[in-house]
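# Examination of the molecular architecture
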Amino acid sequence: MVTAQAPAWTAGVPPASDGAIDAASPAVQAVRALLANVPDPEIPAVSVIDLGIVRDVSALRVLITPTYTGCPATLAIEQAIRAALDGGGFADVAIETTLSPPWSTDWISDRGREKLRAYGIAPPPKGAAAASLKNQAPAECPRCGSSETEEISRFGSTPCKALWRCTACAEPFDRFKCH
Amino acid sequence: MADAPPPLAACALRLGDDALILGQRLSEWCGHAPAIEIDLSLANVALDQIGQAAHFLGLAGEIEGKGRDADKLAFHRDVMDFANCLLVEQPNGDFAQTVARQFLFSHYQELLYAALAESKDARFAAIAAKALKEVKYHATLASDWVVRLGDGAEESRARMIAGLDWMWRFADELFAADEIDAALGLDKAALRSAWDARIDAVLADATLERPAAHRPVLGGRTGRHSEHLGHLLSEMQFLQRAYPGAAW
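Residues numbered from 1 in each chain as written. Chains lettered and ligands numbered in written order. Predicted model: local features only at pLDDT ≥ 70, side-chain atom pairs only at ≥ 80, totals over all residues. Heavy atoms only, no water.

The next point concerns the overall build of chain B. A count of helical and extended segments in chain B gives twelve helices and zero strands. When the helices and strands of chain B are listed from N to C terminus, the series reads α-α-α-α-α-α-α-α-α-α-α-α. Its C-alpha atoms give chain B a radius of gyration of 17 Å, within 12% of the compact-globule value 18 Å for 248 residues. Projected onto its principal axes, the C-alpha coordinates of chain B cover approximately 55 × 40 × 35 Å. (Helix = DSSP H or I, 4+ residues; strand = E, 2+ residues; numbered from the N terminus. Rg over C-alpha atoms; globule rule 2.2 N^0.38 Å.)

Residues and elements named next belong to chain A. Taking 1.5 Å of rise per residue, the 14 residues of helix H2 (residues 74-87) would be expected to cover 20 Å, and the 20 Å separating its terminal C-alpha atoms lies within 8% of that figure. Taken residue by residue, H2 has Ile-77, Ile-81, Ala-84 and Leu-85 as its buried positions. Seen from one end, H2 has its buried residues packed into an arc of 100°, which puts them on one side. Summarising the geometry of H2, the exposed residues directed more than 90 degrees from the buried face are Leu-75, Gln-79 and Gly-87. Each element contacted by the buried residues of H2 is listed here: helix H1 (26-35), strand S2 (61-64) and strand S3 (94-97). Two residues or fewer after H2 comes Gly-89, characterised by a positive phi angle close to 85°. (Expected span 1.5 Å × (residues − 1). Buried < 20%, exposed > 50% of the residue type's maximum accessible area, 1.4 Å probe, protein only. Arc of directions from axis to C-beta. Contact = heavy atoms within 4.5 Å.)

Our focus in this paragraph is the pattern of salt bridges. Following the criterion strictly, the structure yields 27 salt bridges over all chains and no others. With its nearest N and O atoms 3.9 Å apart, the salt bridge here joins A:Arg143 to A:Glu171. With a gap of 28 residues between them, A:Arg143 in the loop between strand S4 (121-122) and strand S5 (149-153) and A:Glu171 in the loop between strand S6 (161-166) and strand S7 (172-176) connect regions that are remote in the sequence. We note a salt bridge from B:Asp17 to B:Arg77, for which the minimum N-O separation is 2.7 Å. Of the two residues, B:Asp17 is situated in helix H1 (residues 7-27) and B:Arg77 in the loop between helix H3 (70-75) and helix H4 (86-89); the sequence distance between them amounts to 60 residues. Under the relative-accessibility criterion, B:Asp17 is labelled buried at 0%. What emerges from the salt-bridge pattern is a single network uniting B:Asp172, B:Arg192, B:Asp196, B:Asp200 and B:Arg210. (Salt bridge = Lys/Arg side-chain N within 4 Å of Asp/Glu carboxyl O.)

Many analyses report the size of an interface as the accessible area lost when the parts associate. Taken together, the contact between chain B and chain A spans 23 residues of the former and 23 residues of the latter. Carbon and sulfur atoms make up 66% of the area that chain B and chain A hide from each other, which totals about 2,100 Å². In terms of surface lost to chain A, no three residues of chain B exceed B:Lys130, B:Lys133 and B:Tyr137, which account for 38% of the buried area on that side. Across the contact surface, chain B and chain A share zero salt bridges. Where chain B packs against chain A, one counts eight residue pairs in polar contact (both at pLDDT 80 or more). When contributions to the side of chain B that touches chain A are tallied by element, the ones reaching two or more residues are helix H2 (36-64) and helix H6 (122-150) of chain B. Considering each element in turn, the side of chain B that touches chain A owes the most residues, 13 residues, to H6(B). Across the side of chain B that touches chain A, the residue classes tally to nine nonpolar, seven polar and seven charged. (Buried area = accessible area lost by both parts, 1.4 Å probe. Polar contact = N/O pair within 3.5 Å; in protein donor to acceptor, adjacent residues only side chain to side chain. Nonpolar A, V, L, I, M, F, W, Y, C, P; charged D, E, K, R; others polar.)

So, on to unusual backbone geometry. Residues A:Ser100 and A:Pro101 are joined by a peptide bond in cis, for which omega reads -5°. Turning to its location among the elements, A:Pro101 is positioned in the loop between S3 and helix H3 (110-119).

This part is about the sheet that holds strand S1 (residues 54-57) of chain A. Residues and elements named next belong to chain A. Strand order in the open sheet formed by three strands is S1-S2-S3, and the pairing between neighbours is mixed. Strands with a single pairing partner mark the edges of an open sheet, and in this sheet they are S1 and S3. When the angles between neighbouring strand axes are averaged without regard to direction, this sheet yields 20°. Docked against the sheet, H1 engages S1 and S2, running at close to 155° with respect to S1. (Pairing = 2+ DSSP bridges. Axes fitted to C-alpha atoms, helices over the stretch in contact; angles between N-to-C directions.)

Moving on, we come to a nonpolar patch on the surface. Together, B:Phe238, B:Leu239 and B:Tyr243 give the surface a local cluster of nonpolar side chains, amounting to about 350 Å² of exposed area. Here B:Tyr243 shows up in the segment after helix H12 (238-242). (Patch = residues over 30% accessible without salt bridge, like charges linked within 9 Å, V, L, I, M, F, W, Y side chains within 5 Å. Areas by Shrake-Rupley, 256 points an atom, 1.4 Å probe, with all protein chains shown as cover.)

Here we come to the packing of aromatic side chains. One pass over the full model with this rule turns up ten aromatic pairs over all chains. Each ring, one from B:Trp166 and one from B:Phe170, has its centre 6.3 Å from the other, and the planes form 65°; the classification is edge-to-face. Since its relative accessible area comes to 5%, B:Phe170 is described here as buried. By way of ring pairs, the aromatic residues B:Phe105, B:Tyr108, B:Trp168, B:Phe175 and B:Trp195 are connected into one cluster. Residue placement shows A:Lys177 over the ring face of B:Tyr137; its charged tip is 4.5 Å from the ring centre. (Phe/Tyr/Trp six-rings, centres within 6.5 Å; stacked < 30°, edge-to-face > 60°. Lys NZ or Arg CZ within 6 Å of the ring centre and 35° of its normal.)

Residues and elements named next belong to chain B. Following both chains from N to C, one finds helix H5 (residues 95-116) and helix H10 (residues 192-205) inclined at 140°, their axes separated by 10 Å at the closest point. By the angle between their directions, the pair H5 and H10 is classed as oblique. Here H5 runs over H10; the crossing is right-handed. Residues Phe-103, Leu-104, His-107, Tyr-108, Glu-110 and Leu-111 of H5 form the contact with H10, whose own contacting residues are Ala-194, Trp-195, Arg-198, Ile-199, Val-202 and Leu-203. Looking at the contact of H5 with H10 residue by residue, the classes come out as nine nonpolar, one polar and two charged. (Parallel < 35°, antiparallel > 145°, perpendicular 65-115°, else oblique. Left-handed = near helix turned anticlockwise from the far one by under 90°.)

Here we come to the pairing of S3(A). All names here are of chain A. Sheet analysis places S2 next to S3, joined by four bridges and oriented parallel. Looking at S3, one finds that Ile-64 is bridged to Thr-97. Each parallel crossover has a hand, and the one from S2 via H2 to S3 is right-handed. (Right-handed = clockwise from strand over helix to strand, strands pointing away.)

On to the sheet that holds S4(A). Residues and elements named next belong to chain A. Spatially, four strands are ordered S4-S7-S6-S5 in an open sheet, and the strand pairing comes out mixed. Single-partner strands in this sheet number two, and they are S4 and S5. In terms of strand pairing, S6 meets S7 through five bridges, oriented antiparallel. The residue of S7 that forms the bridge with Lys-161 is Phe-176.

Below, the structure is given as structure tokens:
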């Protein structure tokens with residue numbers, strides 16, 4: 001959790017969920033508010049805060065982590081954050097990248113999950129990132145809500161998504177992969 | 001051949017080169033796979049591998065300390081300076097041969113990254129822990145296809161057997177240990193029994209038998225590559241060879 005006194009990232013502890021503003025300094029609050037409006041370049045319905053890409057914010061730097069090692073959006077995300085910081089008068093705030101601990105879909109906020117669903121992407125089940133890749137529970141169709149769904153391909157249009165289809169409403173849809 | 005890099009840089013090069021060359025090979029399937037789902041899968045696996053390569057090669061350049069970054073190492077070295085294993089540079093062949101290569105390699109890579117994630121060198125451990133999540137998907141994908149092809153039609157079964165038979169001779173090199181790996185505290189030989197168990201379990205599911213033992217082919221780690229790597233590099237490195245230093 002981010003606090004005014006101890007802004008440092010603590011290994012293993014996820015950030016404040018839903019991008020909630022806690023008892024941070026006004027500058028940190030302002031930066032977090034800016035970042036909450038920076039969309040992910042590949043899934044613009046959610047922000048970099050919603051996705052849990054932003055690991056920590058202090059008055060000096062924003063700490064981010066990539067979702068996948070080969071995610072082609074990594075550079076675009078950094079540039080978008082840079083532009084938002086510069087535009088908001090925080091040109092002196094640095095952006096740093098960390099790989100550890102590795103990003104997990106458990107860090108996607110509840111609000112982010114709802115935004116994904118509304119956008120047509122079935123959100124990943126929570127707490128299931130470590131689950132076996134076999135015998136996954138069926139995804140809930142983001143269009144009709146049915147659980148009568150099946151996996152078409154475990155790899156989809158981006159590294160973070162799998163391709164599913166709903167046998168109730170016959171629509172194909174993306175599912176955010178557990179990671 | 002350039003001067004030998006420090007042992008830890010050499011470790012990072014091996015990891016990076018394995019991922020880079022496999023990523024490049026897999027990307028050759030893009031737009032050519034037998035079905036759209038397979039095209040997507042192989043392109044995704046290629047992307048993961050190239051992402052991992054960027055991290056490991058970046059680390060190799062950092063340890064080496066001669067100002068070479070991941071791009072420089074990928075595009076400005078010649079065949080003899082590549083330290084990838086021979087398995088990953090093997091041509092794609094038909095789809096079954098590609099699946100066989102991926103199957104043998106991904107299970108090795110998953111076990112290797114799991115061990116590396118516990119490394120006392122935090123830089124290696126961080127990349128491995130992150131990449132491990134990705135590689136689990138690759139191992140599952142490859143295993144599923146070994147079963148589908150092996151326990152499938154007569155033709156698919158024959159091709160799967162032929163693919164495994166071709167790739168099998170390059171498996172021993174994966175577990176060959178030397179003093180360079182020891183610099184990182186890595187004991188690749190110790191991964192062999194877990195790998196054998198995984199491979200055997202999937203082959204049993206696929207109603208296939210282990211290929212007959214081949215005389216192992218070694219040499220990739222020390223730059224003695226098959227003729228195939230040079231052709232791969234000539235395509236991958238074309239732009240930087242024709243226009244050295246060109247940038248976006």
